[in-house]
Amino acid sequence: MEKWSLMTITVLLALTVRWAVSLGSYSGAGKPPMYGDYEAQRHWQEITYNLPIRQWYFNTSDNNLLYWGLDYPPLTAYHSFVCAYIAKLINPDWVALHTSRGYESQPHKLFMRATVFVADLLVYIPAVILYCFSLKETSPKKKASTCALCILLYPGLILIDHGHFQYPLSLGLALWAVLCLSHDWDLLGSVAFCLALNYKQMELYHSLPFFCYLLGKCFKKGLKGKGLVLLAKLAGTVLVSFAACWLPFGTDVEQIMQVLRRLFPIDRGLFEACMFSSPTHCPDKVANIWCSLSVLIKIKNVISPRTQLKLSFAVTFLSLLPACIKLTVQPSLRGFKFALVSCALSFFLFSFQVHEKSILLVSVPVCLIINEIPFMATWFLLVSTFSLLPLLLKDGLLLPYAVTAPAFLAACLASFSILDKTSAEDLQLKAFALSLRGYVSWLKSFPRIVRSLFLLSLSLMGALSVLSAAVPPPQRLPDLFPVAVAVVSCLHFLLFLVYFNVVILWDSKNRGQKKIS
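These figures come from a predicted structure and were not determined experimentally.

Enquirer: Before we go on, may I ask you to explain the domain arrangement of the protein in this structure?
Expert: Note on interface size: it is often stated as the accessible area lost on association of the parts. Along its sequence, the protein is organised into domain 1 (167-263) and domain 2 (265-507). Computed from C-alpha coordinates alone, the two centres of domain 1 and domain 2 are separated by 26 Å. Counting residues at the interface gives 24 residues for domain 1 and 27 residues for domain 2. Approximately 2100 Å² of surface area, both sides summed, lies buried where domain 1 meets domain 2, with 79% of it carried by carbon and sulfur atoms. Interface area lost by domain 1 to domain 2 is led by Tyr205, Pro209 and Tyr213, which between them contribute 32%. Here domain 1 is connected to domain 2 by zero salt bridges. Taken together, domain 1 and domain 2 are joined by one residue pair in polar contact (both at pLDDT 80 or more). Elements represented by at least two residues in the side of domain 1 that touches domain 2 include exactly helix H7 (169-182), helix H9 (207-246) and helix H10 (253-263). Counting residues per element, the side of domain 1 that touches domain 2 draws most heavily on H9, which supplies ten residues.

Quick look at the structure:
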C-alpha cells in the first residue's frame, strides 16, 4: 500500500508540472501563415474527418500538402480522426474543412491540451510506472517511486509534448514494448513496437535493437528447435500487425507508394529536418554532425542529395554496427536497453533529415537506465533538453525551461546522489579502465575529473541559455546562439555515443539478467 501511495504522489506531481507547462504558449501560436505543430495536429484532424481515406496523403484541391500535409504513418491518421470525431461533437468549427485553418481559441486550446493529457495518462505514464516497479534493482519501495519521479519529470519530453505540442504515443508504445520484452512476452512486445512504428516512422531509431535482441534470443534457443518456432511466431506477429495498420490502404499499390513517399521524402535533402514541405521554411539548427559540420563546410553545396543520402546511411550503419553485433551474439535485457540508447543516438547524429525533437528518441531509452548510471543519464538528459533551447525560445517556453530543467536536476540529486556516483565502477567503466595501461595511476582522480567536467558542462549550458534569451545576436551573425547551442550539444552527444558504446562492448557480465534458453 505504501509503495502505491508514494507512486500516486509522484504521478500527481508529474501531472501538475505538465498542467503548468500546458498553460503557456504552443508551437506557432498566432504566427500565420504556417503557424506550427499545434496547427499541424489540428489540420490533420480536419483532413481525416472530412476527406475519404484515399485522399489523406494525396495533394488535392481539398488537401494542400504544402500546408502541413500528413506525413506520418496510418496510426497517426487514425488517432487524428478519433480526436476530430470528438472535436466535431464539441464544436464543428474546430475541424470544418478549409474554414478552420489557423483556428485558435481558448476552448480549442483546452481541448487539444486535454488530448495530450489523455494520451499521457493512458499510454506513457502507466508504462513508466510499471517499468519502475519491474526493476529488480529498485525493489525497495522508495526506489521505484523516486525512479519514476525522475523519468516523469524529464523536462525535454514535458516541454515538447505539453508546451510545443506533440503526442507521446509512439514513445509510450515503445516503452510498453520494452516492458513486455522484460517479462519475456516477446509477441506482445512485437505488437507494441509495430504499433509505435506505425504511429511515427522515427521509431526506426529503435528498430535494430528490437530486431537484434529478438533474433539473438532465437539463435540462443536454437534455429532447429524452439528458436525457429519463436522466429516464425515473431515474423507472423509483425506481418499481421502491419497488415492490420495498413489495411485501409492495402487495396491500392499507388496508395501505399504515396504514403511511403510522404513518410520518407528523400528529395528534401540532408538538412530538411522539417516535417512538412513548405518552401518558405528555414530548417532549425539540429545538434547532429551534419548541421554542426555545415558551419565549416557547406555539405549541401558540395555533395548531391543522393550522395548525401548514401553518406549518411553509411556513417549511421557503421556507427551502430558494433552495438547491434554485440546484442545479437549476447542478447540480454541490459544490453538491449543500452543498445536502444546507442543506436538511437547514432541515428540522431548521423542519419538523414533529423529534427531537433528526435533527441527524445534517445532520451526516453536513457530514462530507462537512469537507475543503473544515474550520473551519466542525468547529464545526458540535461544536455538533450538544452539542445532544444532554440525551439523552446521560438515557442515562448523560456520560463518553463528555466524552471523544469533545474527542478529535474534537483530531483536527480536528491533521488540518486549523482555527484557521489562518479567512480569508474559507478559509470560501468571498470572493465574498460582495467584494459588500459596506467589504470592505477589515474583511477583515484577519475571521479574528481568527471565531476569537474559535469560542472563545466552545466556552466556552459547555463551561460548559453542566458545569452540566447537575453542578448541580441550580432547583425552579421543572427544565428550565432542557435548554432552555438547545436554545436555544443553535438560535441556532448558524440562523447556520450563513445561512452555508451564502451559500456556495451566491455560489458561481459550481463548483471541481473536471466539466462536465455
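Enquirer: Just checking my understanding: could you explain the packing of helix H13 (residues 305-329) against helix H14 (residues 333-350) for this structure?
Expert: When two helices pack together, you describe them by how their axes are tilted relative to each other and by the distance separating the axes. Close contact between H13 and H14 brings their axes to 9 Å; oriented N to C, the two are set at 175°. Judged by the angle between their axes, H13 and H14 are roughly antiparallel. Two secondary-structure elements touch here, H13 through Ser312, Val315, Thr316, Ser319, Leu320, Ala323, Cys324 and Leu327 and H14 through Gly335, Phe336, Ala339, Ser342, Cys343, Ser346, Phe347 and Phe350. Here the residues of the contact of H13 with H14 sort into ten nonpolar, six polar and no charged.

Enquirer: Any chance you could explain the side chain of Ser100 here in plain terms?
Expert: Mapping Ser100 onto the fold places it in the loop between helix H3 (74-90) and helix H4 (106-134). Relative accessible area serves as the criterion here: at 0%, Ser100 is assigned to the buried category. In this structure Ser100 touches Arg42, Glu46, Asp93, Trp94 and Val95, once residues within four positions along its chain are discounted.

What counts, and where the lines are drawn
What you see as residue numbers is a count from 1 along each chain, following the sequence as written. Given that this is a predicted model, residues contribute local features only at a pLDDT of at least 70 and side-chain atom pairs are listed and counted only at 80 or more, while totals for whole chains, interfaces and linings are drawn from all residues. With hydrogens and water excluded, all non-hydrogen atoms of the structure serve as input to the side-chain values. Boundaries between domains were set according to an automatic or database domain assignment. The contact criterion used is simple: two residues touch if any of their non-hydrogen atoms lie within 4.5 Å. The term buried area refers to how much accessible surface (probe radius 1.4 Å) is lost by two components on association, counted for both of them together. Definition used for salt bridges: Asp or Glu carboxyl oxygen within 4 Å of a side-chain nitrogen of Lys or Arg. Polar contact is the term for a pair of N or O atoms within 3.5 Å; when the atoms are in protein, one must be able to donate a hydrogen and the other to accept it, and sequence-neighboring residues count only if both atoms are side-chain atoms. A helix here means a DSSP run of H or I that spans at least four residues, while a strand means a run of E at least two residues long, and both kinds are numbered starting from the N terminus. Axes here mean lines fitted to C-alpha atoms, for a helix over just the part in contact, with angles spanning 0 to 180 degrees between N-to-C directions. What sets the label is the angle itself: under 35 degrees gives roughly parallel, over 145 gives roughly antiparallel, 65 to 115 gives roughly perpendicular, and the rest give oblique. Only Asp, Glu, Lys and Arg are considered charged in this grouping, and only Ala, Val, Leu, Ile, Met, Phe, Trp, Tyr, Cys and Pro are considered nonpolar; every other residue, Gly among them, is considered polar. Burial status follows relative accessibility: with a 1.4 Å probe on protein chains alone, a residue under 20% of its type maximum counts as buried, one over 50% as exposed, and anything between as partly exposed.

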